[in-house]
Amino acid sequence: MKIIRTKDYEDMSRKAAGVIAAQVVLKPDSILGLATGSTPIGAYKQLIAWGRAGDLDFSEIRTFNLDEYRGLTRDNDQSYFYFMRHNFMDGAGIPVERTDIPDGSEPDAERECARYDAAIRAAGGIDLQLLGMGHNGHIGFNEPADEFPKGTHCVDLTASTIEANKRFFASEADVPRQAYTMGIQTIMSARKVLVAVSGEDKADIVYKAFFGPVTPLVPASILQMHPDVIVVADEAALSRCKL
Ligand code: GLP
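Calculation criteria
- Residues numbered from 1 in each chain as written.
- Predicted model: local features only at pLDDT ≥ 70, side-chain atom pairs only at ≥ 80, totals over all residues.
- Heavy atoms only, no water.
- 1 Å grid on protein atoms, 1.4 Å probe; cavity = no way out; pocket = protein on both sides within 12 Å on 5 of 7 lines; lining within 4 Å.
- Points joined across faces, edges and corners; volume = space filled by probe spheres on them.
- Helix = DSSP H or I, 4+ residues; strand = E, 2+ residues; numbered from the N terminus.
- Nonpolar A, V, L, I, M, F, W, Y, C, P; charged D, E, K, R; others polar.
- Salt bridge = Lys/Arg side-chain N within 4 Å of Asp/Glu carboxyl O.
- Buried < 20%, exposed > 50% of the residue type's maximum accessible area, 1.4 Å probe, protein only.
- Axes fitted to C-alpha atoms, helices over the stretch in contact; angles between N-to-C directions.
- Parallel < 35°, antiparallel > 145°, perpendicular 65-115°, else oblique.
- Left-handed = near helix turned anticlockwise from the far one by under 90°.
- Contact = heavy atoms within 4.5 Å.
- Pairing = 2+ DSSP bridges.
- Core = buried A, V, L, I, M, F, W, Y, C linked by side-chain atoms within 4.5 Å.

Peer 1: Honestly, empty space enclosed by the protein in this entry has me stumped. Any pointers?
Peer 2: Once rolled over the atoms, a probe with the size of a water molecule shows which space is left empty. One pass over the full model with this rule turns up one cavity of 30 Å³ or more. When its volume is computed, the largest cavity comes out at roughly 50 Å³. Around the largest cavity sit Thr-63, Asn-65, Phe-81, Met-84, Arg-85, Met-89, Thr-99, Asp-100 and Ile-101, which together line it. For the lining of the largest cavity, the secondary-structure elements that each account for two or more residues are β3 (62-65), α3 (80-92) and β5 (99-100). A per-element tally of the lining of the largest cavity places α3 first, with four residues. Partitioning the lining of the largest cavity into residue classes produces four nonpolar, three polar and two charged.

Peer 1: It is not clear to me how the pattern of salt bridges should be interpreted in this structure. Could you clarify?
Peer 2: Side chains bearing opposite charge may pair, as long as their charged atoms lie close to each other. Per the stated rule, a full pass over the model turns up 13 salt bridges. Its salt-bridge partner being Asp-11, residue Arg-14 comes within 3.7 Å of it at the nearest N-O pair. Of this pair, Arg-14 and Asp-11 are both found in helix α1 (residues 9-26), three residues apart, which corresponds to roughly one turn of the helix. Two residues, Asp-90 and Arg-85, come together in a salt bridge whose shortest N-O distance is 2.9 Å. On the basis of relative accessible area, Asp-90 is assigned to the partly exposed category, the value being 49%. What you see here is one network of salt bridges that share partners, running through Asp-11, Arg-14 and Lys-15.

Peer 1: Just checking my understanding: could you explain the packing of α1 against helix α2 (residues 41-52) for this structure?
Peer 2: Think of two packed helices as two axes; the pair is described by the angle between the axes and how far apart they sit. Taken N-terminus to C-terminus, the directions of α1 and α2 make an angle of 55°; their axes are 8 Å apart at the nearest point. As far as their axial angle goes, α2 and α1 are oblique. Note on packing geometry: the crossing formed by α1 with α2 is right-handed. Counting all contacts with α1, which are made through Tyr-9, Ser-13, Arg-14, Ala-16, Ala-17, Gly-18, Ile-20 and Ala-21, the residues of α2 involved are Ile-41, Gly-42, Ala-43, Gln-46, Leu-47 and Trp-50.

Peer 1: Which parts of the structure should I look at to understand the pairing of strand β9 (residues 192-197)?
Peer 2: Looking down a regular strand, the side chains alternate between one sheet face and the other. With five of six residues buried, β9 is to be regarded as a mostly interior element. Relative to β9, strand β6 (residues 128-131) is paired through four bridges, and the arrangement is parallel. Bridge pairing in β9 links Leu-130 to Leu-194. Pairing of β9 with strand β10 (residues 229-234) involves five bridges; the strand directions are parallel. Directly across from Leu-194, in β10, lies its bridge partner Ile-230.

Peer 1: Quick question: what am I supposed to make of the nonpolar core here?
Peer 2: Grouped burial of nonpolar side chains is what soluble globular proteins tend to show. In terms of nonpolar packing, the biggest core is built from 61 residues, with Phe-88 and Leu-223 touching the most fellow members. At seven residues, α1 tops the list of elements feeding residues into this core. Ignoring anything within four residues of it in the chain, the contact list for Phe-88 reads Leu-34, Tyr-44, Leu-47, Ile-48, Phe-58, Phe-83 and Ile-94.

In short, the description is geometric, and any link to function would need to be established separately.
Take a look at the structure:
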């Protein structure tokens with residue numbers, strides 16, 4: 001695991017974008033695994049700017065997103081589909097056909113999760129998976145549990161995740177209670193993983209995830225076992241770690 005310490009959120013965003021840009025330059029037809037949340041927004045902005053300046057070409061990439069709320073249609077402005085179009089895909093000029101994300105409007109969870117895993121496999125697997133991290137150590141929507149979930153599956157969101165994500169909705173009651181998410185095995189199968197973390201409020205979980213025991217109670221801790229992980233974190237997020 002390589003940890004890159006950055007000054008602040010802006011610096012973290014530029015450096016995380018730099019890792020993604022390097023991947024795309026070295027392999028223009030990369031399969032990228034992408035993430036939502038507020039953390040990667042700055043990196044997406046930077047990538048769009050490099051694309052517009054002609055320094056990066058996204059025309060051959062394909063993307064798979066980590067997760068989606070169950071029950072939201074793609075045109076719902078709280079769906080992760082909508083988030084990705086708005087924060088990255090439209091600006092980077094990536095057509096819908098080159099992107100995939102679990103379909104939250106598909107009521108048959110088993111069918112949709114099986115379709116998603118098969119699509120990732122058929123694409124040849126993910127070259128670089130970008131991750132943010134929840135306050136309880138969740139990655140994607142893999143919440144703390146007794147065991148590490150494997151493939152894409154349907155989850156019940158924990159009270160703390162509903163609480164953390166309610167800021168994007170009109171009220172807590174509007175936050176969906178379930179989501180479809182890549183499993184830990186799906187994430188661990190990516191050839192390279194990039195974790196972006198920022199802020200003092202993540203300092204405890206960063207310490208537990210990367211310096212504590214590997215346990216499904218802290219889902220991100222499994223990343224300690226991955227052979228190629230880069231963590232890009234700002235000083236505030238690393239404030240509990242002695243580096
Ligand atoms: C959501 C997403 C995660 C994301 C997490 C942290 O729960 N499913 O993929 O990492 O939020 O979000 P933020 O970056 O806003 O702290």
